[in-house]
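What follows is each chain in one-letter form.
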Amino acid sequence: LGSMSSIAISYGEGGSVFCGLKSDGSHLVVCYGSNSAILYGTPGHLQFIGLTGGDGFMCGLLMLSHQPYCWGNSAFIQMGVPQPMTKGAEYLEVSAGDYHLCGLRKPIVGRRKNSNIISSSLVDCWGYNMTRNFVFDKQLHSLSAGSEFNCALSSKDKSVFCWGDENSSQVISLIPKEKKFQKIAAGGYHVCGILDGLESRVLCWGKSLEFEEEVTGTSTEEKILDLPPKEPLLAVVGGKFYACGIKRYDHSAVCWGFFVNRSTPAPTGIGFYDLAAGNYFTCGVLTGTSMSPVCWGLGFPASIPLAVSPGLCIDTPCPPGTHELSNQENSPCKFTGSHICLPCSTSCPPGMYQKSVCTERSDQVCVYNCSSCSSHDCSSNCSSSATSGGKEKGKFWSLQLPIATAEIGFALFLVAVVSITAALYIRYRLRNCRCSENDTRSSKDSAFTKDNGKIRPDLDELQKRRRARVFTYEELEKAADGFKEESIVGKGSFSCVYKGVLRDGTTVAVKRAIMSSDKQKNSNEFRTELDLLSRLNHAHLLSLLGYCEECGERLLVYEFMAHGSLHNHLHGKNKALKEQLDWVKRVTIAVQAARGIEYLHGYACPPVIHRDIKSSNILIDEEHNARVADFGLSLLGPVDSGSPLAELPAGTLGYLDPEYYRLHYLTTKSDVYSFGVLLLEILSGRKAIDMHYEEGNIVEWAVPLIKAGDINALLDPVLKHPSEIEALKRIVSVACKCVRMRGKDRPSMDKVTTALERALAQLMGNPSSEQPILPTEVVLGSSRMHKKSWRIGSKRSGSENTEFRGGSWITFPSVTSSQRRKSSASEGDVAEEEDEGRKQQEALRSLEEEIGPASPGQSLFLHHNF
Ligand SMILES: Nc1ncnc2c1ncn2[C@@H]1O[C@H](COP(=O)(O)OP(=O)(O)OP(=O)(O)O)[C@@H](O)[C@H]1O
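From N to C terminus, the protein chain includes 21 helices and 42 strands. Here the protein chain holds 866 residues, and the buried ones make up 51% of them. Taking the intrachain contacts of the protein chain between residues at least 6 apart in sequence as the baseline, contacts between residues at least 24 apart amount to 55%. On the protein chain, roughly 40000 Å² of surface is accessible, and the fraction owed to carbon and sulfur atoms is 53%.

Right, here's the structure in full:
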């Protein structure tokens, strides 16, 4: 509803969405909220001049073509560039009502002077019985759409002109005659305008106001009525049955009209640059440098983490009565000569007087008249400014300093008490997370003994407790041969990895953090990795043996993985390595990696989200077993995947969950997406991002192939197709589900693991899907931490769960694979999987998930790894 702006709202049954132009001057749009059709349809790569929203859809005016472009869902308007579109038509403004969109055309240049046409306006509308070209014999501006009608201001006499469905709105017959307006805003069934002149009073009319009688006469529990403010306003917007405005003197928001009872009121004490209204809620951009959006009312999007542009960028000088948005280091208008114009405040609040007038560059400044203070704000402001100068200052401080110091001291004490209590509580809660009895060791059981004054690890104890050993720098330097270039086995973004041999002959990998300017980041990642790795124990997670933190050096010591990373096998220079990785080995690696991740998600308490699942973090040991490595970015996740962490995106592009990087929703399903990319990489042998392909992103490349049933084009050409091609199809289907756009539509890791295990069994010539899952050690002959008691066809007892090692503060319940299967089976997964096997081909074709990762062209993808 309302006029085009840098921010817009969509509402309706599909959910509420707030969209705004980014505050970085890119003119790109970003949206938050709950209507997935809008969120996933947001054209992140298109630049817009301004935005407008309706019921279930959002539209913007494209910077390049000056034509509207809509996304979301509407039964009345075609999404994309609305049709029919007059060839070459260009628009100055667009505005959306509930089910329609109108655009005010640019005046056509080159017409004869004095012809009537020059003072005409062309308005094109689409949707709700309005799809036609309107020609009005007056020049119009400030187009503003209500539910089922439109209004605009006449440039000549500043009068209001409206058209559309008069029956529902009755705004046309009620237009106040001979009134001049600076601005107007159409709402559901009413229009509000700011009257021309210094008073800047608001005047509203329309059918919405008839509700006054209904409301006052009936239950005030249901609706609340507020009358329009008397103060001068800067801006006005219209909701369904209400309107909101920005007050001239303090930029605060005020709303009037009818509100459903549970609506939150407009926030007080804060100023706004601009507002946008939906049906029952309003959002505004806060004044100051934060430019953060804030919403109120009913049913608004819960959290909007990103700053947005506070206005439209124009390239003409700011008109009288407005001033340029100044002193912004990161101006929202990057194009030369373009700027945002904000209305001048014309009067000062009571008790204040104008210190300087509004200029083109800055707004007026109001200060308190200290000689006649009558409000608390004035007194406190005047006393602080008075005491801030001359002798008074010294006196003030001599009186205030001890009080301030005492206050600060008390505050610090309080913070310390609260922090300690919180820390103790968290520790207590985490202890309660433990399910294993082994964890309840006394802290006196130190794993370290004193040897000649130096702390030395008690290896037996360490082995039992699986705690990290503390190494000296000297020890590790020696082990890694002085950290010479020749000892390097790999490099990451924040570290170099060296091969080393400890004094006892153990071959280790020493990960040495590269000192970057962002020391805090390094340090945080180091500690996260250390904390997590020293506590997590699983056959398919890389074991941390110890660490060293001396003189600013941070080193982690891991088991050495003789065969390097999966990335190196699949994409390294040595082509033979890739060929050696046959289908059984590849799928085994996938199963093992899945088991490691499943353990992080399902068996640790609280769950751990890896956040950086990718082929270079899947390492392969001497016996070709896969281990998930690199917990530098890991987070302890929410207990259920339905409560996402609002985290800023981190990870490796190409593997990043779109929901995570677009909406900052981080759940265990973000790892599932990355794992899906990894599966596609294993199946196809191509990199996650590969600019040699037309579709640089593997998901964009693979999913259409899968949907078309062209599995042959997907599978790595280096390997011959296995006789059990159905097994690979099963994995292809799993991968496709993992990379679904919505996290909630992706399977959980335990389901992924079960499906992969079945596929592996099938691939190895075991056709029965009833067959128990093949343990890794049988496939690859590993002796590491596994019992080899299992044989194909044998039954496995619940106590034979040897995959999970030792306990720790993160709980690892003794759940066996078979138990896992049972629990899955209870959810009907087994049946689903079997069914899936039969309907494989059919399912592949009917995959309807909307796949749309960010295009590789986006700068986002220009990442170090590729
Ligand atoms: N324990 C290990 N044994 C053998 N090689 C290893 C080991 N750990 C890491 N490497 C090698 O070092 C490389 C770099 O590892 P590292 O974890 O530092 O970075 P990365 O995960 O590849 O990248 P980034 O840190 O940017 O995510 C790995 O790809 C792997 O080839």
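What follows picks up the thread again.
Here we take up the environment of Val-739. When you line up the elements, Val-739 lands in the loop between α16 (725-738) and α17 (749-763). The spacing of Val-739 and Val-699 is 40 residues in sequence and 7.3 Å in space, taken between C-alpha atoms.

One pass over the structure, following the stated rule, counts eight disulfides. Put simply, Cys-192 and Cys-204 are joined by a disulfide, and their sulfur atoms are 2.0 Å apart. Looking down the S-S bond of the Cys-192 and Cys-204 bridge, the torsion is 110°, so its handedness is right-handed. One end of the pair, Cys-192, is in strand β15 (residues 190-195); the other, Cys-204, is in strand β16 (residues 202-206), and twelve residues separate them in sequence. As far as the burial class goes, Cys-192 and Cys-204 line up, both buried. Cysteine Cys-738 shares no disulfide, and the gap to the nearest cysteine sulfur, in Cys-736, comes to 9.3 Å. Given the relative accessible area of 0%, Cys-738 is considered buried.

Time to look at the site of the ligand. Surveying the vicinity of the ligand reveals 22 residues, the closest of which are Ser-493, Ser-495, Lys-614, Asn-617 and Asp-630. At 3.0 Å, a backbone N or O of Met-561 approaches a nitrogen atom of the ligand. Within the side chain of Asn-617, a nitrogen or oxygen atom sits 2.4 Å from an oxygen atom of the ligand. Protein burial of the ligand: of its 600 Å² of free accessible surface, 90% is covered by the chains. Put simply, the parts of the chain that give the shell around the ligand at least two residues each are β32 (488-491), β33 (495-501), β34 (507-513) and β36 (553-559). For the shell around the ligand, the element with the most residues is β32, which contributes three residues. Here the shell around the ligand is composed, by residue class, of eight nonpolar, eight polar and six charged.

A separate point is the sheet that holds strand β26 (residues 339-343). Taking strand neighbours across the sheet as the criterion, the three strands line up as β24-β26-β25 in an open arrangement whose pairing is antiparallel. Each edge of the sheet is formed by a strand with only one pairing partner; in this case those strands are β24 (313-314) and β25 (322-324). Here β24 runs beside β26; their pairing, made up of two bridges, is antiparallel. Bridging across to β26, Cys-313 finds its partner in Ile-340.

For the structure on display, the rule yields 18 aromatic pairs. Their ring planes at 50° and their centres at 4.6 Å tell us that Phe-136 and Trp-163 sit as a pair that is tilted. Of the two residues, Phe-136 sits in strand β10 (residues 132-136) while Trp-163 sits in strand β13 (residues 160-164), which places them 27 residues apart along the sequence. The class of Phe-136 is buried, set by a relative accessible area of 10%. When the ring of Phe-272 is compared with that of Trp-296, the centres are 5.3 Å apart and the planes differ by 50°; the resulting orientation is tilted. Taken together, the positions of Phe-272 in strand β21 (residues 272-277) and Trp-296 in strand β23 (residues 293-297) put the pair 24 residues apart, joining distant regions of the chain. For the pair formed by Phe-272 and Trp-296, the shared burial category is buried. Members of the aromatic cluster, connected to one another through ring pairs, are Phe-134, Phe-136, Phe-161 and Trp-163.

Here three strands make up an open sheet; going across it, the order is β21-β22-β23 and the pairing antiparallel. With one partner strand each, in any of the chains shown, β21 and β23 form the two edges of the open sheet. Across this sheet, the average inter-strand angle for adjacent strands is 25°, counted without regard to direction. In this sheet, strand β22 (residues 281-286) lies alongside β21 in antiparallel orientation, the contact comprising five bridges. Note on β22: the bridge partner recorded for Phe-272 is Leu-286.

As a further point, take the pattern of salt bridges. Tallied over the entire structure, the rule returns 19 salt bridges. In this structure, Asp-630 engages Lys-511 in a salt bridge whose closest nitrogen and oxygen atoms are separated by 3.2 Å. In this pair, Asp-630 sits in the loop between β39 (626-628) and β40 (635-636) while Lys-511 sits in strand β34, placing the two residues 119 residues apart along the sequence. Residue classification places Asp-630 among the partly exposed residues on the basis of a relative accessible area of 21%. Relative accessible area serves as the criterion here: at 13%, Lys-511 is assigned to the buried category.

What follows deals with the nonpolar core. Counting 59 residues, the largest nonpolar core has Leu-566, Phe-675 and Leu-756 as the members making the most contacts within it. Per-element accounting of this core gives the leading share, ten residues, to helix α11 (residues 583-603). Core analysis: the second largest hydrophobic core is formed by 21 residues, Tyr-32, Ala-276, Met-291 and Cys-333 among them.

Taking 1.5 Å of rise per residue, the 17 residues of helix α13 (residues 668-684) would be expected to cover 24 Å, and the 25 Å separating its terminal C-alpha atoms lies within 8% of that figure. Of all 17 residues that make up α13, 17 are buried, and the element is covered over most of its length. Here α13 starts with a cap whose side-chain oxygen sits 3.0 Å from the backbone nitrogen of Lys-669, and that cap is Thr-667. Count one or two residues on from α13 and you reach Gly-685, which has phi positive near 75°.

Rules behind the numbers
Residues numbered from 1 in each chain as written. Predicted model: local features only at pLDDT ≥ 70, side-chain atom pairs only at ≥ 80, totals over all residues. Heavy atoms only, no water. Helix = DSSP H or I, 4+ residues; strand = E, 2+ residues; numbered from the N terminus. Buried < 20%, exposed > 50% of the residue type's maximum accessible area, 1.4 Å probe, protein only. Contact = heavy atoms within 4.5 Å. Areas by Shrake-Rupley, 256 points an atom, 1.4 Å probe, with all protein chains shown as cover. Disulfide = S-S within 2.5 Å. Near = heavy atom within 4 Å. Polar contact = N/O pair within 3.5 Å; in protein donor to acceptor, adjacent residues only side chain to side chain. Nonpolar A, V, L, I, M, F, W, Y, C, P; charged D, E, K, R; others polar. Pairing = 2+ DSSP bridges. Phe/Tyr/Trp six-rings, centres within 6.5 Å; stacked < 30°, edge-to-face > 60°. Axes fitted to C-alpha atoms, helices over the stretch in contact; angles between N-to-C directions. Salt bridge = Lys/Arg side-chain N within 4 Å of Asp/Glu carboxyl O. Core = buried A, V, L, I, M, F, W, Y, C linked by side-chain atoms within 4.5 Å. Expected span 1.5 Å × (residues − 1).

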